[in-house]
Structures are given as structure tokens and as C-alpha cells.
Amino acid sequence: MSAFDILKERGFIEQLTHEDEIKELLEKEKITFYIGFDPTADSLHVGHFIALMAMAHMQREGHRPIALIGGGTAMIGDPSGKTDMRKMLTKEDIQKNSEALKNQMQRFIDFSDNKAIMVNNADWLWNLNYIDFLRDVGVHFSVNRMLTAECFKLRMEKGLSFLEFNYMLMQGYDFLELNKRYGCVMELGGNDQWSNIIAGVDLIRRKEGKPAYGLTFKLLTNSEGKKMGKTEKGALWLDAEKTSPFEFYQYWRNVNDADVEKCLALLTFLPMDEVRRLGSLKDKEINEAKKILAFEVTKLVHGEEEALKAEQAAKALFESGGDLSNAPSSEISTELLGQKVLDVLIEAKVIPSKSEGRRLIQQGGLYINNEKITDMDFVIDESLFKDGEMLVRKGKKTFHRIIIK
RNA sequence: GGGACGGUUCCCGAGUGGCCAAAGGGGGCAGACUGUAAAUCUGUUGGCGCAGCCUUCGGUGGUUCGAAUCCACCCCGUCCCA
């Protein structure tokens, strides 16, 4: 099976610039391709993970990935599909973020022996000469056509600054540069990158008279078409500090029945026969598939050890047995003993405010050591702690161990 | 630069002197039902010492017993003109 067939079968592909040619190319040749990641935050999130999986599949089939860190493009900010301009990042932040992304990426892609390349477009974008750039690259872009691009649609009403308008040229130029430096012939990206990818493909074809190709992935959406990978706290990060392995595991453990198969195909390396079998399980049975999904994805992102711990914690909390010690926890000082629940829970960051805590208790959603708390003035004393530990449950699914320091 | 319109609580959006912590919807949270799912129904959704008080309606000052609502200046956005 070629990389093309694999990506297709697993449901990665959304759009292709030249379907037949790309199919043939990936079957017959080992190519160099690239995916860009802008360092707009200090961690990658699930959206990037799809791209990394695609990259890994391609690499397994012998193609050479270039992971492009957008230290230069992050200075501009991609307006594609966004309703508002993002706040501008400082050079320092961008550099810090670039380092973070670089480290994370090495966990997923094998960069040894030149099997993959990592570059930063800051290398060529930061010192670009404006006039030269306009004459070399700018001529090839039609403003009329750009204005009709899908990626700017949302901005034609809300406003688009000239700064952001240039993003497309920068990304197109990246592709050209990678084509010249490394013989990169294909750019992959999320479907929101379609316009930007075409910009590069066209630029190479026009300026170099060489073939270049583009392919976009489906955005990870659930069966209702909403973006996945969002939690109450924001994105689902790949950094264990920002989203704990347990939280990460639980996210996948709780996906909709209808999305299980799609997630298994996209986010794990399980063979498709197995994916289809698991995805077709019905009713309660599908919980087994969700456990496998959660375990496999967590394993890829955080390693087997963390995945096992998360699995154990989930088992301890929702079933029985299993090791509780890996469930989320926080420490409080002994001075808080004798204080009321709300004060203690605030300190442990289980609730953000007392009003919210009161509401929780009024609505019967707070449990301590599996006993429902109904009294606002309930006092937390030492007798509640077994081995220095107390289990707080908020609603059905949020567990929190509170440990005395 | 000139003119028109706008900036409201997590988001969208109503509110044009007191009855406004501010309608409605979305989202979130909790409860019931379940399978740690979905759908549905119910409650709730600024903070605190919670029948009371405090802070909020772009910013700063002002008018008034009282302002999200009126006035002045400023900042930001969209549109039309240059």
C-alpha cells in the first residue's frame, strides 16, 4: 500500500491539488514534503497531532518530512478562517515557543540520519528585503484573486489588515524556498491551509516551472461537525503540564460513539481491520473501543508509562480496583484542617469561587469520599483523610485527590 | 483627514435615566435517565460574610438624589468619501 492509500483509507485527506498525479507520485517515488507549524503557543495541540500522524505515516512509507517551524510567519499571524486578528507575538515569545514545539515534535517524528528535517522559516523570512521580495514574489500574486480566497471570507466583513494579508505570500514563499533547498515537492496541512498551500504550489509552478503539489487533511470534527480537541479549559494540549495525561486520556475515553472509528483511524496506528472492528461495536460494547482509543492516543503522546497510569486512575475512579495514585491531585497545608469545605476546595483549586461551590452543593453535585455533601458549612477535619488523602468528586466525572502536605 | 454607524456579562445579542447583575439564544456547570456515550427533560450560570453588600456594560472625566443608558474628550472597529 502506498502512503496515498494509507492516508486515504484512514480518512486524512480532504482536498488535493492534483489527485491522480499525487497518487502516482507517492506510489512511484520517495518524495520530500513539508508541513508547517506556527509557534503561536508554547505547545502543540491535537490539531497538530493529526498532521504529525500524517507525517509519521508518510515517513513510514519512505518519504522524507520537513517539519517547518514558522518563526517567521508567526510574526505575521495567519488570518485563515479566523474572525479576528490575533494579538501580535513578540520575537522573544516566538523563539521560546519555537523551542518548545521543536522538542515536542522530536517525540513523534524520527529526525535521525536526515530521515526528517526540521527548519525554521525565520531563517529566510526575518531578513527578507522588502523591495526584492515584492519584485520576486509579489508580482505573481493577484490581489483580485486573493480577495476572493475562502480563507479571507470571514475577514471581508470584520476587517483584514495589510499585515495579515501578506501571510499567504510568506507561506507561498516558504514552499518555494523549501523546494529550492531540499527539493520539497508537496505541502500538507489542515484544510484551513488550502488557500495558503495553493499559493505555494502556484508560485513554484510559475517561478520555477516545476511541479508542486498540495494536500489538506480533514479537520478533526465530531459527528455534529464541531471542532474536536477543545475542553472547558481551551485546547487539548500535547504538553503534560498544560493538559495532564489523565485529562488527555479521559477526553478520548469520552468521545461520542459515532466518532470512535474516525479517531482510531486518525490518531492511532492500529491496523484498519481492527479499527473497523472496534468502531462497529454497539451499545455498551463500544466502551471497550473507547478505552483502547484513549490508551493508544495517550501512549503516542505521553508514552506507555503515562498511558498505563491514566488507565489505572480511570479504572480506580470509575470501576474498582486500579491504582488511585495517578488521579489528579493537589496538596493543601495542615492549617486548612478545621476550615469549611468551600475554603478548602478553593485552596485546592477544585472550584474557582465560593459562589460556584455553593451552587454545586445546592445542586447535589459535591461528594467527599463518596458521601454527598449537603451542608455549606461542612468542616474538613483530619478524620476525612485516609493516609493523608481525601477524595473529592465534583459532578459525575471530575475527581480530585486532596493531599495534606 | 471628513461623514455614518457601532464597542454590553464566556460568545452572540436585547436593553436608551431608577422596576438592571442586566431579556433571549449558544456554550459551560449540576441533577434525572444511561454505558464515564448521544438524545431528552430540569435547575443553574459576576463576586462576597448571600433576605444584605460589592464590582461590571471600550477608557477618563462630568451632569443627576440616581447612568449600561445623558454630556465632553479619548481609544478601538465597520462602512461611505478622500
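For clarity, every value in this text was computed on a predicted model and none was experimentally measured.

Chemist: Can you help me understand the nonpolar core in this one?
Modeler: One recurring pattern in soluble globular proteins: nonpolar side chains tend to sit buried together. Ranked by size, the top nonpolar core spans 74 residues in total, and within it F37, M58, M186, F217, W252 and L267 carry the most contacts. Counting residues per element, this core draws most heavily on helix α3 (residues 46-60), which supplies ten residues. Looking at this core, you find at least three residues from each of domain 1 (3-217) and domain 2 (230-323). Once residues lying within four places of it in the same chain are set aside, the contact partners of W252 are V46, L220, M228, L236, C263, L267, K290, L293, A294 and V297.

Chemist: Just to check I follow, could you spell out the domain arrangement of chain A for this structure?
Modeler: Many authors give the size of an interface as the accessible area that is lost as the parts come together. What the domain assignment lists for chain A is domain 1 (3-217), domain 2 (230-323) and domain 3 (329-404). Once you take the C-alpha centre of each, domain 1 and domain 2 turn out to be 29 Å apart. Contacts between domain 1 and domain 2 engage 19 residues on the former and 20 residues on the latter. Both faces combined, the contact of domain 1 with domain 2 buries some 1,700 Å², and carbon together with sulfur accounts for 66% of it. The largest share of the area that domain 1 buries against domain 2 comes from R10, V46 and F49, three residues that together contribute 35% of it. Between the two partners, domain 1 and domain 2, sit two salt bridges. The partner of K242 in a salt bridge is D42, with the nearest N and O atoms 2.8 Å apart. Our count for the domain 1 to domain 2 interface comes out at nine residue pairs in polar contact (both at pLDDT 80 or more). Element by element, the count of residues in the side of domain 1 that touches domain 2 is highest for α3, at seven residues. Across the side of domain 1 that touches domain 2, the residue classes break down as nine nonpolar, five polar and five charged.

Chemist: Is there a simple way to explain the confidence of the model for chain A in this structure?
Modeler: Low pLDDT means the predicted coordinates in that region are not meant to be read closely. Mean pLDDT over chain A: 92, with 97% of residues reaching 70 or higher. Scored by ipTM, the complex comes to 0.87, with pTM at 0.91.

Conventions and cut-offs
- Residues numbered from 1 in each chain as written.
- Chains lettered and ligands numbered in written order.
- Predicted model: local features only at pLDDT ≥ 70, side-chain atom pairs only at ≥ 80, totals over all residues.
- Heavy atoms only, no water.
- Core = buried A, V, L, I, M, F, W, Y, C linked by side-chain atoms within 4.5 Å.
- Buried < 20%, exposed > 50% of the residue type's maximum accessible area, 1.4 Å probe, protein only.
- Helix = DSSP H or I, 4+ residues; strand = E, 2+ residues; numbered from the N terminus.
- Domains from an automatic or database assignment.
- Contact = heavy atoms within 4.5 Å.
- Buried area = accessible area lost by both parts, 1.4 Å probe.
- Salt bridge = Lys/Arg side-chain N within 4 Å of Asp/Glu carboxyl O.
- Polar contact = N/O pair within 3.5 Å; in protein donor to acceptor, adjacent residues only side chain to side chain.
- Nonpolar A, V, L, I, M, F, W, Y, C, P; charged D, E, K, R; others polar.
- pLDDT = per-residue confidence, 0-100.

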